[in-house]
Amino acid sequence: MRVIPLGTSSGKPTLKRNVSALAVAGEAEWLLFDCGEGTQMQITRAGLSPSRLSAVFITHLHGDHFNGLPGLLSTMGLDRRTRGLGLTGPQGIREYLDMLERLRVAFLTYPVELRQFNSLAESTVVYETAEYSVSALALDHRLFALGYRIDERPRPGRFNVEQARKLGVPEGPLWGRLQSGEDVRLIDDSVVRSSDVMGAERPGKSVAYCLDTRPCAMAVELARNVDLLIHEATYTEEFASEAQQYGHSTAAQAARTARDAGARRLLITHFSTRFPDPTPLLQEARAIFPDTILAEDLMEIEV
Ligand SMILES: [Zn+2]
Ligand SMILES: [Zn+2]
């Protein structure tokens, strides 16, 4: 799967960084995490198609994380979308959507499968698609905020072409049947089992999305052994007291969460506009967790 940050600035957009949004994209569908103002433009710039968007996940009701939602929902209405859209977030989202429809701000031509929470103390699966399972857990911010974890479903093992040839299976439909797990009978009446030619099932990749939060045990739990942890790093340690006061993390705290969770890589994002050049944030995180990447709008990370 690919991870594409669509906005990496906290609070307000800058000329180089839009406000929070991030895409997790698979082969046939993609998921959107947060939807700050201007996310539609970023979706277009990233070459993502709204018609393939399966679900939106909002972390919390601070404007820089959801002010882009009415526009995006309306555009999909203009596009005559009919496929359902998942929408998960904190309590208040339903009232917000109802109001938009009542005031005729948004016209939805498609069903919205809405799930909202006002507490979530245990990691809970909130959405499932053909490719992914998404779970959520409450984090520690100034107001109720959810973190998310995306687990890709296990993928089938690799097909061993040489072995198939050696066993006398002719190239063609029989290969496809073996690949889909079926055993096949050959012309000479011998049976080739799928397991003879297919490698072991490969575990799916996993990603955790922890924005906005103070460092907390819940973020560590959500990010346990993930391939990529996406974590906010609003400030450097120099501003640790602000981070604590406003419910945010420093780059060092994000790095410790990644380390404690056993994450493979860390992507830091949600930078205070105090840092026009966020290099100090990257340096601070790498001193603790070397496999740290600094998020840039529209970069692509292969997980
Ligand atoms: Zn924020
Ligand atoms: Zn916030």
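Please read all numbers here as calculations on a predicted model, not as lab measurements. (Residues numbered from 1 in each chain as written. Chains lettered and ligands numbered in written order. Predicted model: local features only at pLDDT ≥ 70, side-chain atom pairs only at ≥ 80, totals over all residues. Heavy atoms only, no water.)

(A) Inspection of the coordination of the zinc ion (ligand 1) at higher detail. Binding of the zinc ion (ligand 1) to the protein goes through Asp64 (OD), His65 (NE2), Asp212 (OD) and His270 (NE2), at separations of 2.1 to 2.7 Å. If you look at the zinc ion (ligand 1), its four donor atoms make angles of 89 to 162° with each other, and the shape they trace is irregular. Here the zinc ion (ligand 1) and the zinc ion (ligand 2) are spaced 3.6 Å apart, and both take Asp212 as a donor. Here the residue His65 occupies a position in helix α2 (residues 63–66), and Asp212 occupies one in the loop between β12 (206–210) and α8 (217–222), the gap between them amounting to 147 residues. (Donors = N, O, S within 2.8 Å, 3.2 Å for Na, K, Ca; no water. Tetrahedral: all angles 85-135°; square planar, octahedral: opposite > 155°, others 65-115°. Helix = DSSP H or I, 4+ residues; strand = E, 2+ residues; numbered from the N terminus.)

(B) View of the side chain of His231. When you line up the elements, His231 lands in strand β13 (residues 228–232). Dropping the residues within four chain positions of it, His231 is found in contact with Cys210, Leu211, Thr213, Ala219, Ser249, Ala254, Thr257, Leu266, Leu267, Ile268 and Thr269. (Contact = heavy atoms within 4.5 Å.)

(C) Looking closely at helix α10 (residues 251–261). Of all 11 residues in α10, eight are buried; the element is thus mostly enclosed. Those residues of α10 not exposed but buried are Ala251, Ala252, Gln253, Ala254, Ala255, Thr257, Ala258 and Ala261. On the buried face of α10, the contacting elements are α8, β13, β14 (266–269) and α11 (279–286). At the C-terminal side of α10, Gly262 shows a positive phi close to 70°. (Buried < 20%, exposed > 50% of the residue type's maximum accessible area, 1.4 Å probe, protein only.)

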